[in-house]
Amino acid sequence: MKETEKRLTEGSVPKRMLLFAVPIFFSNLFQQLYNAVDSLIVGNFVGEQALAAVGSSASLIMLLVGFINGMSLGAGVLIARFFGAGDEDGMERTVHTTVALGLAGGLVLTAAGVALSPVLLGLMGTPADVMDSSVLYFRIYFAGSLPVVLYNMGASILQSVGDSRSPMKYLIAASLTNVALDLLFVAVLGYGVGSAALATVLSQCLSAFLVLRRLMRSRGVYRLRWRRVRFEWEMLRRVVGLGVPSGVQNSVISLANVVVQSNINTFGSAAMAGCGAYSKIEGFAFLPVTCFALALSTFVSQNLGAGRHDRVKAGIRFGLLCSPLLAEGIGVLIFALAPALISAFNSQPEVVAFGVDDARTVALFYCLLAFSHCCAGVLRGMGRPGVPMVIMLAVWCVFRIAYITAAIHFLPDIHVIYWAYPITWSISSILFALCLKRLFPGKEQPAGAAP
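Residues numbered from 1 in each chain as written. Predicted model: local features only at pLDDT ≥ 70, side-chain atom pairs only at ≥ 80, totals over all residues. Heavy atoms only, no water.

1. Remarks on the overall build of the chain
We count it as follows: Each helix is a run of H or I in the DSSP string that is no shorter than four residues. Each strand is a run of E no shorter than two, and both are numbered from the N terminus. Burial classification: accessible surface area is computed with a 1.4 Å probe over protein chains only, and a residue below 20% of its type maximum counts as buried, one above 50% as exposed, and the rest as partly exposed. Contacts are assigned to residue pairs that have any heavy atoms within 4.5 Å of one another. The accessible surface values rely on the Shrake-Rupley method and a 1.4 Å probe; as for residues, cover is taken only from the protein chains in view.
Scanning the chain from N- to C-terminus turns up 15 helices and 0 strands. Taken across its 451 residues, the chain has 59% of its residues classed as buried. Here the contacts in the chain between residues at least 6 apart in sequence split such that 84% fall between residues at least 24 apart. Split by element, the accessible area of the chain, about 17,200 Å² in all, is 66% carbon and sulfur.

As structure tokens, then:
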């Protein structure tokens, strides 16, 4: 593919957005599939407690990984802006700083995840009957943090220059590998919950290898040359300036979800297993959400770099229409098929009941989740990552935690916890709508600050 064919600054806006977003959709689909496979196989071949261990680890994993992923988003926005403006020197320096940041971040994440897993799981109130399995799964997963971080950094570089197909192919390969290894380790050899984490780590090593090889073999200015990997302090400052707000945003959302999970844990292992199964299903609703949010960040950033303000507004309108509609369609399907979907993970009636209740409380509000994330993506692309950070910190973390803490005290019913998500999605959607209305009051050009 020629470099000019990857630019989002030319051609039909809907066509360019879709050609860029669809591979991200399938990338996320296969990533969610191999995340769900661990739970699906463990729940059927090991049992309820093992499923609870895998499910309870998810929010804690996202708490630690989310910050690094946010940094990769910041790097991607900066590279996309340089790409749109044709600044090859800025691109090259940012790419190699991004890889250096990935190496350092991956090593820190490995040490933190392995060392702190018993403490963090204990703070979450993980029941004693699943604690050993949860610690084992968590430690093995985080032993493989480096390839996770390097893949995300590499994929962000490729996506920032419009290449969303290569990361898609690499995640498909990793997903199929994960399925095969899960079946071998758990279903055939009967090694247990730790082997499911090992299968995931090996699959992530494959995706990291493939994305780094692609960068090393590229003929573009974003080619990876290991001898040039170092911290360019000016580029690092700008990447951190864009990435830290996104990283904090991801982490505080995950922190709130850890609090949610801690409250779910108090209802026992059946609740943990049922809600954990639903969380894997819910991940599929995030597919149109995350793909359009990332597409909007890249599209807006490239076109601002090229000075194409007319395309910025057209792309925003298209993304804010498509993503909520697709997310709501998935929500309707999950609402209708919830019993069958939950029972695929574990057929115990109590587990299924918890999972179905969770799904049917939350699923019809996915349009609000999509709207909020897409607005956040627009603001990141405009070089304003602090705005979504503040909104999500205030609503999805502080308010969500306060609501659950107060409500569960007066009404100790698990449905109170389920409703935390629709309520906070509604509030954030209103705030983001008001924010975009202020930034785009009429026919004025968007106020996109250079990152």
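2. Concerning the environment of A295
Within the element layout of this structure, A295 appears in helix α9 (residues 269–305). A295 gets classed as buried once you look at its relative accessible area, which sits at 0%. Residues A295 and L18, 277 residues apart in the sequence, show an inter-C-alpha distance of 8.6 Å. Those residues within four positions of A295 in sequence are excluded, and the remaining contacts are M17, F20, A21 and I24.

3. With respect to the packing of helix α12 (residues 366–381) against helix α15 (residues 420–439)
When two helices pack together, you describe them by how their axes are tilted relative to each other and by the distance separating the axes. The condition is simple: An axis is simply a line fitted to the C-alpha atoms; with a helix, the fit covers only the stretch in contact. Between two such axes, the angle follows the N-to-C directions and lies from 0 to 180 degrees. Handedness of a crossing is defined here by the sense of rotation of the near helix relative to the far one, left-handed for an anticlockwise turn of less than a right angle and right-handed for a clockwise turn. In this classification, Asp, Glu, Lys and Arg are treated as charged, Ala, Val, Leu, Ile, Met, Phe, Trp, Tyr, Cys and Pro as nonpolar, and every other residue, Gly included, as polar.
At a minimum axis distance of 9 Å, the contact between α12 and α15 shows a crossing angle of 40°. Crossing handedness for the pair α12 and α15: left-handed. Between α12 and α15, the contacting residues are Y366, L368, L369, F371, S372, C375, A376, V378 and L379 on the first element and W425, S426, S428, S429, F432, A433, C435, L436 and L439 on the second. Tallied by class, residues from the contact of α12 with α15 come to 14 nonpolar, 4 polar and no charged.

4. Overview of empty space enclosed by the protein
Selection rule: Cavity and pocket criteria rest on a 1 Å grid covering protein atoms alone: a 1.4 Å probe that fits but cannot get out defines a cavity, protein on both sides within 12 Å along at least 5 of 7 lines defines an open pocket, and an atom within 4 Å of a point defines a lining residue. Grid points are joined across faces, edges and corners, and a volume is the space filled by probe spheres set on the points.
On inspection of all chains with the given rule, the structure shows 2 cavities of 30 Å³ or more. A volume near 50 Å³ is recorded for the second largest cavity. L73, G76, V77, S156, Q159, S160, L294, S297 and T298 are the residues that line the second largest cavity. Taken together, the residues of the lining of the second largest cavity break down into 3 nonpolar, 6 polar and no charged.

5. Describing the confidence of the model for the chain
Just so we agree on the cut-off: On a scale of 0 to 100, pLDDT captures the predictor's confidence in every residue.
Summarising the model, the chain shows a mean pLDDT of 84, and 88% of its residues fall at 70 or more. Per-element averaging of pLDDT across the chain places helix α2 (residues 48–85) at the bottom with 73 and α15 at the top with 93. Note on residues 1–5: pLDDT under 50 across the span, and 5 contacts to partners over four residues away in sequence or across chains.

6. A look at the packing of aromatic side chains
We apply this condition: Any pair of Phe, Tyr and Trp rings, taking the six-membered ring for Trp, is counted once the centres come within 6.5 Å. Such a pair is stacked with planes under 30 degrees apart, edge-to-face with planes over 60 apart, and tilted for the rest.
Taken as a whole, this structure holds 7 aromatic pairs when the rule is applied. Seen in terms of ring centroids, F365 and W419 are 5.7 Å apart; in terms of plane orientation they differ by 70°. Their pairing is edge-to-face. Here F365, found in the loop between α11 (349–362) and α12, pairs with W419, found in the loop between α14 (414–418) and α15; they are 54 residues apart in sequence, far enough to count as distant.

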